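Residues per chain, in single letters:
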Amino acid sequence: MKGKRFMIIRQLKQEQYECFHNYLKHNAHTEPLDVSYTMRVTVNDRQYAVKFQPERHCKMAVLQAFRIDRSAAGPHLELITQGNLLSAFLEILIDQGAGSHCCREIGDDIRSI
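In this text the structure is predicted, and so the values were computed from the model without any measurement.

Caption draft 1: Molecular detail of the pairing of strand 5 (residues 76-80). Bridging between strand 4 (residues 59-69) and strand 5 involves five bridges; their strand directions are antiparallel. If you follow D69 over to strand 5, its bridge partner there is H76.

So this is what it looks like as structure tokens:
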């Protein structure tokens, strides 16, 4: 699917959005002049870099993810754009305890847009 870009957008309640956005501000990596956040996630001893972008009206977009395989020759990156995996990374991040109690409850209240 060359040239196609996928993202998942979730609607959050105001307090949940603020909590999760605050968590990203304090724990994720950002580049200068970039509006997205990159979070490292480990699943079954595999590392992933997941890119989130806060949107208007309490929405959070999951833009893409990279699977990072490290070897002696250096890291190998595999781009992940499948919607079900991107959505799962959001759920995993929340489940791993994205910070405070309100962030842990996001999974119960998110709905697809």
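Caption draft 2: Inspection of the pattern of salt bridges at higher detail. All told, the structure shown has three salt bridges when counted by the stated rule. Ionic pairing is found between R46 and D69, a salt bridge with its closest N-O pair at 2.8 Å. With a gap of 23 residues between them, R46 in strand 3 (residues 46-55) and D69 in strand 4 connect regions that are remote in the sequence. A residue is classified by how much of its surface remains accessible, and R46, at 33% relative accessible area, is partly exposed.

Caption draft 3: Just unusual backbone geometry, in detail. Positive phi, close to 50°, is recorded for N44, a residue that is not glycine. The residue N44 is located in the loop between strand 2 (37-43) and strand 3 in this model. Even without being a glycine, D45 presents a positive backbone phi close to 65°. By the secondary structure assignment, D45 is in the loop between strand 2 and strand 3. By relative accessible area, D45 is classed as exposed at 78%.

Caption draft 4: Representation of the confidence of the model for the protein chain. Mean pLDDT over the protein chain works out to 79, with 78% of the residues at or above the 70 mark. The element-level mean pLDDT for the protein chain is lowest in strand 6 (residues 111-112), coming to 38, with strand 3 highest at 93. Confidence drops under pLDDT 50 across residues 103-113; counting only partners more than four residues distant or on other chains, this segment forms 31 contacts.

Caption draft 5: Structural detail: the environment of R56. With respect to the helices, strands and loops of the structure, R56 is situated in the loop between strand 3 and strand 4. On a C-alpha basis, the gap between R56 and Q11 in space is 9.8 Å, while along the polypeptide they are 45 residues apart.

Basis of the calculations
Residues numbered from 1 in each chain as written. Predicted model: local features only at pLDDT ≥ 70, side-chain atom pairs only at ≥ 80, totals over all residues. Heavy atoms only, no water. Pairing = 2+ DSSP bridges. Helix = DSSP H or I, 4+ residues; strand = E, 2+ residues; numbered from the N terminus. Salt bridge = Lys/Arg side-chain N within 4 Å of Asp/Glu carboxyl O. Buried < 20%, exposed > 50% of the residue type's maximum accessible area, 1.4 Å probe, protein only. pLDDT = per-residue confidence, 0-100. Contact = heavy atoms within 4.5 Å.

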